[in-house]
Amino acid sequence: KGPDPGIALVKQRLCDVKNKLMVLSGKGGVGKSTTTSLLARMFAHMNQEQNFGVLDIDICGPSQPRVFGVLGEQVHQSGSGWSPVFIEDNLSLMSIGFLLGSPDDAVIWRGPKKNGMIRQFLSEVDWGQLDYLVIDTPPGTSDEHLSATTYLAGTDGSWGTVLVTTPQEVSLLDVRKQITFCKKMKVPIVGIIENMSTFVCPKCTVESIIFPNSTSANSTEEMCTEMNVKFLGKLPLDPRLARCCDEGKDFLTEFKTSPTVIAIKNIILEI
Ligand code: ADP
């Protein structure tokens, strides 16, 4: 059996995409999709003259169409491939969510079919020139990650992953496994983001730790040092962010001066 012909197709299609950033998490619900959207929006806000894309390969739970407020949009196919949906002038999105009949449809596919869809997503979307393509993935390490890793490793330009975790030991344990996966697969790790680190009560302004870690208050930073990966920063828990994601609103514009926006800006500068 020769090499997967998809590798050459993806390489050709993504030749104008300078950087590819896969966002991973060990567990579901830690804020991977939210972080993906914040990173992409902040990239686009901070670099108006460059273009950015988001690819949602969370085949069983695509949430980006909702988060970006474009649920129900249709993607069109032209001679040069699938056209992504534009969120802003310099930010476009492609998600399996656009191809499902209704948001309630479930995708129940086995490995080879998932691999085929990821190959199609990576080789047939007409992104044009992009500075960054930010890729949202399912939680854990599964078929989708293996496929994406194989294809991205064959592309020109740079690529790597950002891992998202909460400070809780259950989440950190899974992130450790993912770091090991990345090292084994020779996937460059750009760094780790800790989400839902603290919560500032809007009424009394006292800062609380929501997910206490029994071992240390700086558990994520310590794990990063121990595993020799870069710590990119912390995002606080902010109910306004959850609401914006549910309603498909741009948190960055609505809450420009919030600690979350400042934190995500600093994280972008670290990437
Ligand atoms: P994942 O992609 O890891 O499964 P999501 O990004 O879908 O997680 O987040 C899970 C839930 O938590 C969503 O309802 C989201 O709006 C919320 N959420 C994520 N991060 C934050 C945060 N920093 N502050 C408030 N809510 C958050």
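What this report covers is the structure whose coordinates are included nearby. Remember, it's a predicted structure, so these values are computed and weren't measured experimentally.

Within the chain one finds 10 helices and 11 strands. On C-alpha atoms alone, the chain measures out to a radius of gyration of 18 Å, which is about the 18 Å that the 2.2 N^0.38 rule sets for 271 residues. Structurally, the chain occupies a C-alpha span of about 55 × 40 × 35 Å along its principal axes. By the burial criterion, 44% of the 271 residues in the chain qualify as buried. Here the analysis covers contacts within the chain between residues at least 6 apart in sequence; of these, 79% occur between residues at least 24 apart.

Turning to the packing of helix 2 (residues 32-46) against helix 10 (residues 259-270), a few remarks are in order. Their axes nearest at 10 Å, the elements helix 2 and helix 10 cross at an angle of 75 degrees. Classified by the angle between their axes, helix 2 and helix 10 sit roughly perpendicular to one another. Only Ile-264, Lys-265 and Ile-268 of helix 10 make contact with helix 2, whose side of the interface consists of Leu-38, Leu-39, Met-42, Phe-43 and Met-46. Looking at side-chain class alone, the contact of helix 2 with helix 10 contains 7 nonpolar, no polar and 1 charged residues.

What follows deals with the packing of helix 6 (residues 169-184) against helix 7 (residues 219-227). Where helix 6 meets helix 7, the closest approach of the two axes is 11 Å, and the angle between their N-to-C directions is 25 degrees. By the angle class used here, helix 6 and helix 7 are roughly parallel. The interaxial crossing formed by helix 6 with helix 7 has right-handed handedness. Between helix 6 and helix 7, the residues in contact are Leu-172, Arg-176 and Ile-179 and Ser-219, Thr-220, Met-223 and Met-227, respectively. Residues of the contact of helix 6 with helix 7, tallied by class, amount to 4 nonpolar, 2 polar and 1 charged.

The next thing to look at is the nonpolar core. Membership of the largest hydrophobic core comes to 66 residues, with the highest contact counts inside it found for Val-134 and Ile-135. With 6 residues, the top contributor of residues to this core is helix 2. Contacts of Ile-135, omitting those with residues within four sequence positions, involve Lys-20, Leu-21, Met-22, Val-23, Leu-55, Ile-57 and Ala-148.

For Ala-217, the position within the fold is in the loop between strand 10 (207-208) and helix 7. In this structure Ala-217 comes out as exposed when scored by C-beta crowding, with 12 C-beta atoms within 10 Å.

A word on helix 2. For helix 2, with 15 residues, the first-to-last C-alpha span of 21 Å sits near the 21 Å given by 1.5 Å per residue. The buried fraction of helix 2 is high, at 14 of 15 residues.

A word on the pairing of strand 7 (residues 130-136). Burial within strand 7 is extensive, with 6 of its 7 residues counted as buried. Sheet analysis places strand 1 (residues 17-25) next to strand 7, joined by 6 bridges and oriented parallel. Among the inter-strand pairings, Met-22 is bridged to a residue of strand 7, identified as Ile-135.

With that settled, the discussion passes to the site of the ligand. Among the 19 residues in the neighbourhood of the ligand, the closest are listed as Gly-31, Lys-32, Ser-33, Thr-34 and Ala-242. Of all the secondary structure elements, the ones that give two or more residues to the shell around the ligand are helix 2, strand 9 (189-200), strand 11 (231-237) and helix 8 (239-247). With 4 residues, the top contributor of residues to the shell around the ligand is helix 8. Taken together, the residues of the shell around the ligand sort by class into 9 nonpolar, 8 polar and 2 charged.

The rules we used
Sequence order sets the numbering: in each chain, residues are counted from 1 along the sequence as written. For a predicted model such as this one, the threshold for reporting local features is a pLDDT of at least 70, and the threshold for listing and counting side-chain atom pairs is 80 or more; totals across whole chains, interfaces and linings nevertheless cover every residue. Numbering of helices and strands runs from the N terminus; a helix is a DSSP stretch of H or I covering at least four residues, while a strand is a stretch of E covering at least two. Within these notes, the globule rule equals 2.2 Å times the number of residues to the 0.38 power, and the radius of gyration is based on C-alpha atoms. Labels follow a simple rule on C-beta atoms placed from the backbone: if 20 or more others lie within 10 Å of a residue's own, it is buried; if 12 or fewer, it is exposed; otherwise it is partly exposed. Once C-beta atoms are placed from the backbone, any two residues with those atoms within 7 Å are in contact. An axis is simply a line fitted to the C-alpha atoms; with a helix, the fit covers only the stretch in contact. Between two such axes, the angle follows the N-to-C directions and lies from 0 to 180 degrees. When describing relative orientation, an angle under 35 degrees is termed roughly parallel and one over 145 degrees roughly antiparallel, while 65 to 115 degrees is termed roughly perpendicular and anything else oblique. In this count, Pro and Cys sit with the nonpolar residues alongside Ala, Val, Leu, Ile, Met, Phe, Trp and Tyr, while Asp, Glu, Lys and Arg are called charged and the others, Gly among them, polar. In a left-handed crossing the near helix is turned counterclockwise from the far helix by less than a right angle, and in a right-handed crossing that turn is clockwise. Joining buried Ala, Val, Leu, Ile, Met, Phe, Trp, Tyr and Cys residues through C-beta atoms within 7 Å gives a set, and that set is a nonpolar core. The span expected for a helix works out to 1.5 Å for each residue beyond the first. Should DSSP find at least two bridges between two strands, the strands are regarded as paired. Should the C-beta atom of a residue, placed from the backbone, lie within 6 Å of a molecule or strand, that residue is near it.

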